[in-house]
Amino acid sequence: MSRKTIIVIGLATAVVAAALVFDGVSRRRAANSVPAIAQNPVTTPPAGGPANSSSPSAGTAVQPGVPPANTAPATETEEKPAPGVAAEAPTDDNAADNAADNAAPAAPALVVPAGTTLTVRLGQELGSKTSQAGQSFSARLDRDVVVGGQTAIAAGASVTGKVVFARPVGALAGEASLQLKLVSVNVDNADLKVVTSVRSFGPIIKGKNKVGKFFKGLAKRSVGEEREVVLDDQTACSFTLRRSLQIQ
């Protein structure tokens with residue numbers, strides 16, 4: 001083997017040895033760099049978001065319990081309703097009171113003064129011989145009762161009356177007599193109490209005193225001129241209010 005061949009083999013062996021050493025060093029460096037990267041992760045900002053110059057730089061370790069420098073404090077955000085969902089309307093606890101305060105004032109009550117005439121039509125037959133004291137009877141208001149240009153009680157309103165006194169013709173009792181009064185009138189489905197004068201029906205026998213009237217009554221009865229008092233159904237009768245009547 002020549003000297004030149006020995007030199008070439010020696011150089012080749014040196015080159016291979018150097019390559020093996022270089023490859024081992026590279027592998028050790030790569031293995032040592034993996035823990036370093038795991039200990040110092042790099043925070044990547046979200047896509048599309050602006051870069052935050054105050055955030056810690058990559059590779060800088062953050063100590064536990066210590067907030068990063070120049071970090072802006074968190075702010076509360078107002079929750080907004082989702083699209084298509086109506087926002088809840090504010091409630092007012094005094095809405096009912098406000099509505100009552102803003103309601104239109106009630107109309108003033110109508111007062112039918114005393115002395116007003118109430119004309120009614122009887123709903124049944126009454127008589128001095130057939131009726132009894134304390135008996136009730138029905139009637140209908142025949143005419144409107146007008147106060148200050150307003151109709152206080154409309155014609156056709158139901159009216160209730162009472163028989164105050166009833167006396168048939170008698171030989172000793174004297175002339176026949178029937179007395180009536182009204183006790184209530186129905187207005188807007190409410191029965192209102194009324195106080196009226198007592199209306200008397202029957203012949204009037206004139207005389208200076210009771211004795212004179214008695215003898216004149218005997219004379220009429222003897223010739224058949226004195227008769228019973230009979231008020232037919234639908235007979236019109238008028239009564240006068242003795243007390244004012246208030247209508248709401």
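Cut-offs used in this document
Residues numbered from 1 in each chain as written. Predicted model: local features only at pLDDT ≥ 70, side-chain atom pairs only at ≥ 80, totals over all residues. Heavy atoms only, no water. Helix = DSSP H or I, 4+ residues; strand = E, 2+ residues; numbered from the N terminus. Buried < 20%, exposed > 50% of the residue type's maximum accessible area, 1.4 Å probe, protein only. Areas by Shrake-Rupley, 256 points an atom, 1.4 Å probe, with all protein chains shown as cover. Core = buried A, V, L, I, M, F, W, Y, C linked by side-chain atoms within 4.5 Å. Contact = heavy atoms within 4.5 Å. pLDDT = per-residue confidence, 0-100. Patch = residues over 30% accessible without salt bridge, like charges linked within 9 Å, V, L, I, M, F, W, Y side chains within 5 Å. Salt bridge = Lys/Arg side-chain N within 4 Å of Asp/Glu carboxyl O. Polar contact = N/O pair within 3.5 Å; in protein donor to acceptor, adjacent residues only side chain to side chain. Pairing = 2+ DSSP bridges.

Here we come to the overall build of the protein chain. Across its full length, the protein chain carries three helices and 13 strands. Out of the 248 residues in the protein chain, the part that is buried amounts to 19%. By element, 56% of the accessible surface of the protein chain is carried by carbon and sulfur atoms, the whole surface being about 18,400 Å².

What follows concerns the nonpolar core. Ile153 and Leu180 are the most contacted members of the largest nonpolar core, which has 31 residues in total. For this core, the element with the highest residue contribution is strand β8 (residues 177–187), accounting for five residues. Discounting residues that sit within four places of it in the chain, isoleucine 153 has contacts with Leu141, Arg143, Asp144, Val145, Val185, Val187, Leu245 and Ile247.

This part covers the side chain of serine 177. Mapped onto the elements of the fold, serine 177 is located in strand β8. The class of serine 177 is buried, set by a relative accessible area of 12%. In this structure serine 177 touches Ser128, Phe165, Ala166, Arg167, Phe201 and Val229, once residues within four positions along its chain are discounted.

Confidence in the prediction for the protein chain averages 75 pLDDT; 54% of positions are at 70 or higher. Overall, residues 48–62 carries pLDDT values under 50, and its contacts beyond four positions in sequence, including any with other chains, amount to nine contacts.

Turning our attention to the environment of valine 230. By the element assignment, valine 230 lies in strand β11 (residues 230–231). Judged by relative accessible area, which is 49%, valine 230 ranks as partly exposed. Counting along the chain gives 54 residues from valine 230 to alanine 176, while the straight-line C-alpha distance between them is 9.9 Å. When neighbours within four sequence positions are excluded, valine 230 is seen to be in contact with Glu125, Leu126 and Gly127.

We now examine a nonpolar patch on the surface. Residues Val164, Phe165 and Val198 make up a contiguous nonpolar surface patch of roughly 200 Å² in combined accessible area. As for its placement among the helices and strands, valine 198 is situated in the loop between β9 (190–193) and β10 (199–201). For valine 198, a relative accessible area of 40% puts it in the partly exposed group.

Right, let's talk about the side chain of threonine 116 for a bit. Relative to the helices and strands, threonine 116 is located in the loop between β1 (110–112) and β2 (117–122). There is a polar contact of 2.7 Å between the side chain of threonine 116 and the backbone oxygen of proline 113. Residues in contact with threonine 116, not counting those within four places in the same chain, are Val145, Phe239, Thr240 and Leu241.

Our focus in this paragraph is the environment of alanine 114. In this fold, alanine 114 is placed in the loop between β1 and β2. Using a relative accessible area of 46% as the deciding quantity, one classes alanine 114 as partly exposed. Residues within four places of alanine 114 in sequence aside, it is in contact with Leu241, Arg242, Arg243 and Ser244.

Under the definition given, this model contains one salt bridge. Residue aspartate 142 pairs with arginine 121 through a salt bridge whose shortest N-O separation is 2.9 Å. One end of the pair, aspartate 142, is in the loop between β4 (136–141) and β5 (145–147); the other, arginine 121, is in strand β2, and 21 residues separate them in sequence.

Relative to β8, strand β7 (residues 158–167) runs antiparallel, the two being bridged by eight bridges. By the bridge assignment, valine 159 is partnered in β8 with valine 185. Note: β8 against β10, three bridges, orientation antiparallel. Looking at the pairing, glutamine 179 lines up with serine 200 of β10. Where β8 lies against β9, four bridges are found, and the strand directions are antiparallel. Bridge pairing in β9 links valine 185 to leucine 192. The loop that links β8 with its antiparallel partner β9 comprises two residues; one of these, aspartate 188, has a positive phi angle of about 55 degrees.

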